[in-house]
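Chain by chain, the residues run as shown.
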Amino acid sequence: MAIVVNLDVMLARRKMTSGELAERIGITQANLSILKTGKAKAMRFSTLDSICRALNCQPGDILEYTGEEK
């Protein structure tokens, strides 16, 4: 997919674990893992909003369009 999820990068910058983020935004660690690995087919705007609030970042900090298919 031409969209890359940079959630690991933002977690590292904020010195936050996946488990802590999952707890803060109210999703399971398994679902967060699916998002982090880019295997998710979709993401709700409410989830993206929660992630951005928890990490104090912009959606563009998390999602990147590369234009290249894997």
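Residues numbered from 1 in each chain as written. Predicted model: local features only at pLDDT ≥ 70, side-chain atom pairs only at ≥ 80, totals over all residues. Heavy atoms only, no water.

With the rule as written, the count across this model stands at 3 salt bridges. In this structure, Arg24 engages Glu20 in a salt bridge whose closest nitrogen and oxygen atoms are separated by 2.8 Å. With Arg24 and Glu20 both in helix H2 (residues 18–25) and 4 residues apart, the pair spans about one turn of that helix. With relative accessibility at 51%, the residue Arg24 sits in the exposed group. On the basis of relative accessibility, which here comes to 32%, the residue Glu20 falls in the partly exposed class. (Salt bridge = Lys/Arg side-chain N within 4 Å of Asp/Glu carboxyl O. Helix = DSSP H or I, 4+ residues; strand = E, 2+ residues; numbered from the N terminus. Buried < 20%, exposed > 50% of the residue type's maximum accessible area, 1.4 Å probe, protein only.)

Bringing the nonpolar core into the picture now. Ranked by internal contacts, the top residues of the largest apolar core, which has 16 residues, are Leu7, Leu21, Ile51, Leu55 and Ile62. The biggest single contributor to this core is helix H4 (residues 45–55), with 4 residues. Every residue in contact with Leu55, bar those within four places of it in the chain, is listed here: Leu7, Met10, Leu11, Arg14, Met16 and Leu21. (Core = buried A, V, L, I, M, F, W, Y, C linked by side-chain atoms within 4.5 Å. Contact = heavy atoms within 4.5 Å.)

What follows covers the environment of Ala54. Position of Ala54 relative to the elements: it lies in helix H4. Between the C-alpha atom of Ala54 and that of Ala22, which follows or precedes it by 32 residues, the distance is 9.7 Å. Excluding its chain neighbours within four sequence positions, the residues that come into contact with Ala54 are Met16, Leu21, Arg24 and Ile25.

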